[in-house]
Protein chains: 2
Amino acid sequence: MSPGGRRPGNADTKAKIIEAARRVFAAHGYDGASLRAVARDALVDAALVHHYFDGKADLFIAAMALPFDPRAVQHHTEGDTPSTFSGAHAVEGFLTMWDQAEGTGSTFASCVAAMAASRSVADAMRQFVHDRVWSAIPRIDGEDEGMSMQRAALISSQLMGLAFTRYVLRVPPVSTAAPADIGRWVGPNLERYAKESPD
Amino acid sequence: MSPGGRRPGNADTKAKIIEAARRVFAAHGYDGASLRAVARDALVDAALVHHYFDGKADLFIAAMALPFDPRAVQHHTEGDTPSTFSGAHAVEGFLTMWDQAEGTGSTFASCVAAMAASRSVADAMRQFVHDRVWSAIPRIDGEDEGMSMQRAALISSQLMGLAFTRYVLRVPPVSTAAPADIGRWVGPNLERYAKESPD
């Protein structure tokens, strides 16, 4: 390093890539974006993007300041099929991860604010969650993709609503109870979405 | 009106009261605010606030740009006791009213954005909904207020989550189906919250 000179450090380059990623995801959605397009926008070599980020999902998580990979919630129900799915575990895992995120800058409220303020952010987030979570949910024998998506959307609606009630509107006892207790209250409802034919 | 002169019309006065109400609700919450305090903040006579607004709830609805009184949703389940409560009707009523609000400036996304951006707005909203809706939900024989609030919070979490999934994240089929269809899918879950002992 030249004495007295200012060299663009790793943090600068990484921040530049994240800023470019925000623009590219907002313009092209999650599905339409590529690491190559982000590199072009950031005026860096594509290899550098790959050096800092382990693929598109990892870059999206950084760009949207998500506190964790939503796929991690699914790990709480690892190996579950629709017939063995534990709603209580899904709720407990989801709220435990968001509980850990509170106090960082990446709170549920800040994620919700970003989605509510910008349709393109919300659209990119929907595509991301579809790619990371919903498309990986095991199907019930014989059901088509539409029915599988219906289950996923309903399960997500209850989880999102719980987080909104706990972290934004802060309604007791949902805002004060332990994740395991809320899992006990809400789990059977998620299982109904996961297992029963909803029509 | 004097020719060429600009007279502060009714719209100006009403707007001034609404602006004052926003400040007062943010500072003191819904429970702690009064029409008198709003009048003082707006530098108008309290009688003028009563002239424009039919009480504190009406003023809050205007100040928060809510598209409707949440009590109206309850009218869709009028006369229901916990044992006769129709979850399908509650879902259909709630989504029908928000559907009608889309296209106006008072969308679900704009309400969510206001709550996610400001803890004092979210706190005032919680107090308002408690006052208008939750406190009026019939109790199950023998249950205490805490248990009644738990039911209310869980029912609200599912309704809020559905609206978030329909209007912000826009996940099909929750974003595309008719309110009556979603009512059919989700109704039994609301009824479980309303009727069964959740512990």
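Residues numbered from 1 in each chain as written. Chains lettered and ligands numbered in written order. Predicted model: local features only at pLDDT ≥ 70, side-chain atom pairs only at ≥ 80, totals over all residues. Heavy atoms only, no water.

### As for the packing of helix α7 (residues 108–117) of chain A against helix α8 (residues 119–132) of chain A
What counts here: A fitted line through C-alpha atoms represents every axis, and for helices the fit uses only the stretch in contact; the resulting angles, taken between N-to-C directions, go from 0 to 180 degrees. Helix and strand definitions follow DSSP, with helices as H or I runs of at least four residues and strands as E runs of at least two, each counted in order from the N terminus. Contacts between residues were defined by any pair of non-hydrogen atoms, one from each residue, lying within 4.5 Å.
Interhelical geometry of α7 of chain A versus α8 of chain A gives an angle of 115 degrees and a closest axis separation of 5 Å. For the pair α7 of chain A and α8 of chain A, the contacting residues are A114, M115 and A117 of chain A in the first and R119, V121, A122 and M125 of chain A in the second.

### A closer look at the confidence of the model for chain A
The predicted coordinates of low-pLDDT regions are not to be read in fine detail. Residues and elements named next belong to chain A. We count it as follows: As a per-residue quantity, pLDDT reports the predictor's confidence and falls between 0 and 100.
Residues with a pLDDT of 70 or more make up 93% of chain A, whose mean pLDDT is 90. Per-element mean pLDDT across chain A ranges from 79 in helix α5 (residues 71–75) up to 98 in helix α2 (residues 35–42). Every residue in residues 1–7 scores below 50 in pLDDT, and together they form 2 contacts with partners more than four places removed in sequence or on other chains. For this predicted complex, the interface confidence score (ipTM) comes to 0.91, while the overall pTM stands at 0.91.

### Let's talk about the interface of chain B and chain A
Counted only if it meets this: A 1.4 Å probe defines the accessible area here, and the buried area is the portion of it lost by two parts on being joined, summed over both. One side-chain nitrogen of Lys or Arg within 4 Å of one carboxyl oxygen of Asp or Glu is enough to make a salt bridge. Polar contact is defined as a pair of N or O atoms within 3.5 Å, subject to the rule that within protein one atom must be able to donate a hydrogen and the other to accept it, and that residues adjacent in sequence are counted only when both atoms are side-chain atoms. All residues other than Ala, Val, Leu, Ile, Met, Phe, Trp, Tyr, Cys, Pro, Asp, Glu, Lys and Arg, Gly among them, are scored as polar; the first ten of these are nonpolar and the last four charged.
Listed by partner, the interface residues are 38 residues for chain B and 38 residues for chain A. Roughly 3600 Å² of surface becomes buried between chain B and chain A when both sides are summed, with 60% attributable to carbon and sulfur atoms. The three residues of chain B that bury the most area against chain A are L169, R170 and W185 of chain B, which together make up 17% of that side's buried surface. There are 2 salt bridges connecting chain B and chain A. A salt bridge links R170 of chain B to D123 of chain A; the shortest N-O distance between them is 2.8 Å. Counting across the interface, chain B meets chain A through 17 residue pairs in polar contact (both at pLDDT 80 or more). Of all the secondary structure elements, the ones that give two or more residues to the side of chain B that touches chain A are α7 (108–117), α8 (119–132), α9 (145–168) and α10 (179–195) of chain B. Broken down by element, the residue count for the side of chain B that touches chain A peaks at 12 residues, all from α9 of chain B. For the side of chain B that touches chain A, the class distribution of residues is 25 nonpolar, 6 polar and 7 charged.

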